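Now for the letters of each chain:
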Amino acid sequence: MTGAPLVVLDHVDKWFGDLHVLQDINLTVDRGEVVVVIGPSGSGKSTLCRAINRLEVIQQGSITLDGQPLPAEGKELANLRAEVGMVFQSFNLFAHKTILENVTLGPIKVRGIKKEAAETRARELLDRVGVGHQAAKYPAQLSGGQQQRVAIARALAMEPKVMLFDEPTSALDPEMISEVLEVMVDLAKRGMTMVVVTHEMGFARTAADRVVFMADGAIVEENTPDEFFTNPQSDRAKDFLGKILKH
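Residue positions are counted from 1 within each chain, in the order its sequence is given. Local features in a predicted model are, by the rule used here, given only for residues with pLDDT of at least 70; side-chain atom pairs are given and counted only at 80 or more, and totals for whole chains, interfaces and linings are based on all residues. Just so you know, side-chain values use all the structure's heavy atoms and leave hydrogens and water out.

This is how it is decided: UniProt positions are given in the numbering used here, feature names are shortened, and annotations may be inferred rather than shown by experiment.
Under the annotation held in an unreviewed UniProt entry, the protein chain carries the name ABC-type polar-amino-acid transporter and is attributed to Nocardioides lianchengensis. According to the UniProt record, the Subcellular location (unreviewed entry) comment for the protein chain reads "Cell membrane".

Comments concerning the nonpolar core
The following threshold applies: The term nonpolar core refers to a set of buried residues drawn from Ala, Val, Leu, Ile, Met, Phe, Trp, Tyr and Cys, joined through side-chain atoms within 4.5 Å. Each residue's exposure class comes from its accessible area (1.4 Å probe, protein chains only) as a fraction of the maximum for that residue type: buried when under 20%, exposed when over 50%, partly exposed otherwise. Each helix corresponds to a stretch of at least 4 residues labelled H or I by DSSP, and each strand to a stretch of at least 2 residues labelled E; elements are numbered beginning at the N terminus. Contacts are assigned to residue pairs that have any heavy atoms within 4.5 Å of one another.
In this structure, Ile38, Leu126, Ile152, Met163, Phe165, Met184 and Met194 are the most contacted members of the largest nonpolar core, which totals 50 residues. The leading source of residues in this core is helix H6 (residues 174-189), at eight residues. Phenylalanine 165 has contacts with Cys49, Val87, Ile152, Met184, Leu187, Met194, Val195, Val196 and Val197, leaving out every residue within four places of it along the chain.

Let's talk about helix H1 (residues 45-52)
Across the eight residues of H1, six count as buried, placing the element largely inside the fold. Those residues of H1 not exposed but buried are Lys45, Thr47, Leu48, Cys49, Ala51 and Ile52. Where H1 ends, the next residue or the one after it, arginine 54, has phi of about 65 degrees, a positive value.

Looking at the pattern of salt bridges
The condition that has to hold: Each reported salt bridge corresponds to a side-chain nitrogen of Lys or Arg within 4 Å of a carboxyl oxygen of Asp or Glu.
Considering all chains together, one arrives at 16 salt bridges under this definition. The closest approach of N and O atoms between glutamate 159 and arginine 121, which form a salt bridge, is 3.0 Å. With glutamate 159 in the loop between helix H5 (144-156) and strand S7 (162-166) and arginine 121 in helix H4 (residues 115-128), this pair connects stretches of sequence that are 38 residues apart. Overall, glutamate 159 belongs to the partly exposed group, its relative accessible area being 48%. Members of the salt-bridge network, linked through shared partners, are Arg31, Asp66, Glu83, Arg111 and Lys161.

Quick word on the sheet that holds strand S8 (residues 193-197)
What counts is decided by this rule: Should DSSP find at least two bridges between two strands, the strands are taken to pair. Under this scheme, a helix contributes an axis fitted over its contacting stretch, all axes are lines through C-alpha atoms, and angles between N-to-C directions fall in the 0 to 180 degree range.
With respect to topology, six strands assemble into an open sheet ordered S6-S7-S8-S3-S9-S10, the strand pairing being mixed. On the outer flanks of this sheet lie strand S6 (84-87) and strand S10 (218-223), each paired with one strand and no other. Averaged over all neighbouring strand pairs, the angle between strand axes comes to 20 degrees, with direction disregarded. The sheet contact formed by strand S9 (residues 210-215) and S10 spans five bridges and is antiparallel. Directly across from valine 211, in S10, lies its bridge partner asparagine 223. Across the sheet, H1 touches strand S3 (34-38), S6, S7, S8 and S9, and the angle it forms with S7 is around 150 degrees. Sitting on the sheet, H5 is in contact with S6 and S7, with an inclination near 170 degrees to S6.

Dropping the structure here:
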């Protein structure tokens, strides 16, 4: 199923002032692998996710993508971000552009793809995430779930090597969460390399190849979903699962 390492974090440390938010993080994500990162609030999950495309700068250690170290700035960094799709809690769509324009902007501007080809591809992706009929509308005319699916299509339009999801459903109403998770499950089945920070344990169970449990800025435990959920090894994980699986 999986291939060579695509994302490698090696002894990564990050501080916000005195707060040690990432503590000696070692994590390898193989090509085609779906890694779900879970843990209590403030455990460093989002910071970890954002470090992979250098939205957060690390102080120690190294992060490589497809064998290359993350560039510091400038054009190389823009190119790196084109290789790493990112979907946030908030949809970050351009309000003054149509759905179609939102999805074609990156491929045209960054990848240099011709407008017609970019639009054809964008329509395919919008169809795939179930919002093809909304292409001419503006973000404000769509529901949160629809906007988040557009954000996923926009990231996919760049043909990224890896997709990062930072709590993509946490700003959504409950009935919209499943429609976004369905799109993500489909992506996972199609072999997209994914790092997903989420509170959705159902998604972690069904779509993850591996669950990484973080607490207090460190990776406490990692295992297959089956092993992690049925037989957590650490007290922190047992405590966490005890709290969330009761509800």
